[in-house]
Amino acid sequence: MSSKGRKSRKISDDEEANTSGHYTRKKQKTGECAQDSTTKQPAVSCRKISDEEEANTLEHHKKQKTGECVQLSTEKQSAPNCSSTTVNNEENASQNSMLEIKPSKTSASSTKLTLTADLKSEPEETEEYKAARLKNLLHGISYQLMLLIYFIQRGLEKHAENEQYAFALATEMAIAEDFDDLVFRYRENNGKWVYRFLQAKHKLDNKKQITATDLLSVARSNNDFGLKKYFESFRKIKTHPHFKNGMFKDFIICTNIGLQNHDHFKPVEENDEILNFKKENAKLLKLDFAKFPQKAELRSILEGTSHDVSENEITDFFENLVFAIDMPDESALSKIIAENMSQQFNLKDSKLATNHFFRHISKWMNSKKAYFFKNEHGETCFKKIKLRIEKLEVNGITLGYLL
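Residues numbered from 1 in each chain as written. Predicted model: local features only at pLDDT ≥ 70, side-chain atom pairs only at ≥ 80, totals over all residues. Heavy atoms only, no water.

Asker: What should I look at first to understand unusual backbone geometry in this one?
Answerer: Glycine aside, negative phi is the norm for most residues, and most peptide bonds take the trans geometry. Even without glycine at this site, glutamate 177 takes up a positive phi of about 55°. With respect to the secondary-structure elements, glutamate 177 resides in the loop between strand S3 (166–170) and strand S4 (182–187). Residue asparagine 189 is not a glycine yet carries a positive backbone phi of 55°. (Helix = DSSP H or I, 4+ residues; strand = E, 2+ residues; numbered from the N terminus.)

Spelled out as structure tokens, the structure:
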């Protein structure tokens, strides 16, 4: 008879009470021989059963009593005799099925069905659509977050080397104008605060290049590299009372794309303590104003921003402006941060520590109250991460199991 015809049925209370199976099972458990209720002859299969057989038989009997029945995952039909709790889906697995049912024993008296996803079978990315503005902006926000985390990470490393090294980090600081993505201040040995201002410009197409036309652009929107707006911001920051007691190290335009022409740029002479990536093409450059082909046009644009622009201000601007080009993109920067976390906490897999760090910085970045993230905040965060790792080690649970 086919499995479709052999259905489970619900048994009555009288059958439950009078069935010799229960009597026989009880005697089998004790090793005694049960007798048939009518013939008074020994049962056909009288033998001593184990605890596991007893548990499985009770489970089967319970299913019959309630009328429940395990179904096959693909054919949706009752299993024969309602006794099989393990459905093997090997046939469909060979046909790249996304799910298979596997048994998972939870105790001596029950068997649990679990679904396991076949992660090797990924859906094809064939049905594309045009993305809206928000999706196009998210990668830039993520890049900004990665840079903030990286600066904090490097600042904490410097503080660990020298306790007199202190830092504070701000983001979306209104008075930083068009250099508001990242404002990093630091000092050593209780000296003056030194300020670094950075604007992040991430491109999904890293084959794009910055052209002279981009630098000369005067548009206020869709203009990532126009020098006019950066010069205006530079002048406002330099004269703002909030920064009057500090020193200015640089004003950085940080991007994962390169320059079309390097001829009118020169390398930054001193080694950078933070933006010192080992990426082959990553460079820190300054525009050599004297060699810029459209020097007269650029001067006219900068002088046109205000009636009192001086030659010294223009010279000072190009001495402080840094192009951080071909920097690691958002994905690569995330990996660099994870590698640093592995070294910091001596971990083979840093996902737990890195994810905790990311969440902590994201919470600060998204906070309604804008405040400087200082080295004290970073130290507290790292202490919490260390305690979580130690707790897992004490409990004898590996990080690999949790992740």
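Back to the write-up after that little detour.
Asker: Would you take a moment to explain the layout of surface pockets for this structure?
Answerer: Rolled over the atoms, a probe as big as a water molecule pinpoints where empty space is left. Space inside the largest pocket adds up to approximately 950 Å³. If you trace the largest pocket, you find 31 residues lining it, with Leu137, Lys201, His202, Lys203 and Asp224 closest to the centre. Counting residues per element, the ones that place at least two in the lining of the largest pocket are helix H5 (133–161) and strand S5 (194–201). With 7 residues, H5 is the largest single contributor of residues to the lining of the largest pocket. (1 Å grid on protein atoms, 1.4 Å probe; cavity = no way out; pocket = protein on both sides within 12 Å on 5 of 7 lines; lining within 4 Å. Points joined across faces, edges and corners; volume = space filled by probe spheres on them.)

Asker: Help me understand the pairing of S4, please; the structure alone is not making it clear to me.
Answerer: Of all 6 residues in S4, 5 are buried; the element is thus mostly enclosed. Of the pairings in the sheet, the one linking S3 to S4 comprises 5 bridges and is antiparallel in character. Paired with alanine 170 across the strands is valine 183, a residue of S4. Where S4 and S5 come together, 5 bridges link them in antiparallel fashion. Bridging from a neighbouring strand, arginine 185 pairs with tyrosine 195 of S5. Linking two consecutive strands that pair antiparallel, namely S4 and S5, is a turn of 6 residues; a positive phi of about 55° is found at asparagine 189 within it. (Buried < 20%, exposed > 50% of the residue type's maximum accessible area, 1.4 Å probe, protein only. Pairing = 2+ DSSP bridges.)

Asker: Mind showing me how you'd approach the packing of aromatic side chains here?
Answerer: The relation between two aromatic rings is expressed through the spacing of the ring centres and the mutual angle of the planes. Counted by the stated rule, this structure contains 24 aromatic pairs. Pairing phenylalanine 184 with tyrosine 186 gives two aromatic rings, centres 6.0 Å apart and planes at 35°, and the pair type is tilted. Plain terms: the ring middles of phenylalanine 357 and phenylalanine 382 are 5.2 Å apart, the flat faces sit at 70° to each other, and that makes the pair edge-to-face. On the criterion of sequence distance, the pair formed by phenylalanine 357 in helix H11 (residues 351–365) and phenylalanine 382 in helix H12 (residues 375–394) is long-range, its members being 25 residues apart. Residue class for phenylalanine 357 comes out buried when judged on its relative accessible area of 0%. On the accessibility criterion, phenylalanine 382 (10% relative accessible area) is buried. Stacked on the ring of tyrosine 165, the Lys or Arg lysine 158 has its end atom at 5.8 Å from the ring centre. (Phe/Tyr/Trp six-rings, centres within 6.5 Å; stacked < 30°, edge-to-face > 60°. Lys NZ or Arg CZ within 6 Å of the ring centre and 35° of its normal.)

Limitation: the analysis is restricted to geometry and does not speak to function.
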